[in-house]
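Here is what each chain is made of, one letter per residue.
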Amino acid sequence: METRIAVIGIIVEDMASVPKLNALLHDYSQYVIGRMGLPYQKRGVHIISVAIDAPQDAISALSGGIGRLNGISVKTAYSNVVSQS
């Protein structure tokens, strides 16, 4: 199976959506390389970066699921590195 490395950038503006966000990240935890979260109190948001190594479909499904949550913005940057697992 081909996998790609990606970084998913998430900005949380509505803390009520955090439990759903954490549930989604848990569902894809087998692919997560690492996660870093930064509260930005001055602007009232939380910034999360998730590094992931997963099949393209899984990355797209996770990003799409996150993007459908209220008060959460998401963007994904893909590496050109593709590997066979």
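Residues numbered from 1 in each chain as written. Predicted model: local features only at pLDDT ≥ 70, side-chain atom pairs only at ≥ 80, totals over all residues. Heavy atoms only, no water.

1. Side note on the nonpolar core
Inclusion rule: Put simply, a nonpolar core is a bunch of buried Ala, Val, Leu, Ile, Met, Phe, Trp, Tyr and Cys residues held in one set by side-chain atoms that sit within 4.5 Å of each other. Type-normalised accessible area, obtained with a 1.4 Å probe on protein chains alone, sets the label of each residue: buried when under 20%, exposed when over 50%, and partly exposed for intermediate values. Secondary structure counts use DSSP, requiring at least four H or I residues in a row for a helix and at least two E residues in a row for a strand, with both numbered from the N terminus. What makes two residues a contact is simply this: any of their non-hydrogen atoms within 4.5 Å.
Membership of the largest hydrophobic core comes to 19 residues, with the highest contact counts inside it found for Ile8, Ile10, Leu21, Ile52, Leu62, Ile66 and Ile72. Secondary-structure elements contributing two or more residues to this core are strand S1 (2-12), helix H1 (18-27), strand S3 (45-54), helix H2 (56-67) and strand S4 (72-84). The contacts of Leu62, once residues within four sequence positions are left out, are Ile8, Leu24, Leu25, Tyr28 and Ile52.

2. Describing the sheet that holds S4
Selection rule: Think of it this way: DSSP has to see at least two bridges between two strands before they count as a pair. Fitting a line to C-alpha atoms yields each axis, with helices limited to the stretch in contact; the angle taken between N-to-C directions then spans 0 to 180 degrees.
Read across the open sheet, the four strands follow the order S2-S3-S1-S4; overall the sheet is antiparallel. Of all the strands in the sheet, the pair left with one neighbour each is strand S2 (32-40) and S4. When the angles between neighbouring strand axes are averaged without regard to direction, this sheet yields 10°. In terms of strand pairing, S1 meets S4 through ten bridges, oriented antiparallel. By the bridge assignment for S4, Glu2 is matched with Gln84. Strands in contact with H1 are S1, S2, S3 and S4; relative to S1, the strand with the most contacts, it is inclined by about 170°. Across the face of the sheet, H2 comes into contact with S1, S3 and S4 while running at roughly 175° to S4.

3. Concerning the side chain of Thr3
Quick reminder of the rule: Whenever a nitrogen or oxygen atom comes within 3.5 Å of another N or O atom, the pair is scored as a polar contact, on the condition that within protein one atom can donate a hydrogen and the other can accept it, and that pairs from neighbouring residues in sequence are kept only if both atoms are in side chains.
Considering the arrangement of structural elements, one finds Thr3 in strand S1. Side chain to side chain, Thr3 and Asp53 meet in a polar contact 2.9 Å long.

4. Concerning the side chain of Ser17
Of note, Ser17 is situated in the loop between S1 and H1. A relative accessible area of 7% means that Ser17 is categorised as buried. When neighbours within four sequence positions are excluded, Ser17 is seen to be in contact with Leu69, Asn70 and Ile72.

5. Section: the pairing of S2
Here S2 pairs with S3 via eight bridges, running antiparallel. Looking at S3, one finds that Arg35 is bridged to Val50. What sits between the antiparallel neighbours S2 and S3 is a turn of four residues, in which Gly44 has the positive phi angle 70°.

6. Describing a nonpolar patch on the surface
Just so we agree on the cut-off: Patch members must show over 30% relative accessible area and no salt bridge, and they are joined within 9 Å when carrying like charges or within 5 Å when they are nonpolar side chains of Val, Leu, Ile, Met, Phe, Trp or Tyr. For every accessible area listed, the method is Shrake-Rupley and the probe measures 1.4 Å; residues are considered covered only by the protein chains on display. A side-chain nitrogen of Lys or Arg and a carboxyl oxygen of Asp or Glu constitute a salt bridge if their distance falls within 4 Å.
A cluster of nonpolar side chains, Ile11, Met36, Leu38, Tyr40 and Ile47, forms an exposed patch at the surface whose accessible area comes to about 420 Å². Sort the elements by how many residues they give to the nonpolar patch and S2 lands first, with three residues. Relative to the helices and strands, Tyr40 is located in strand S2.

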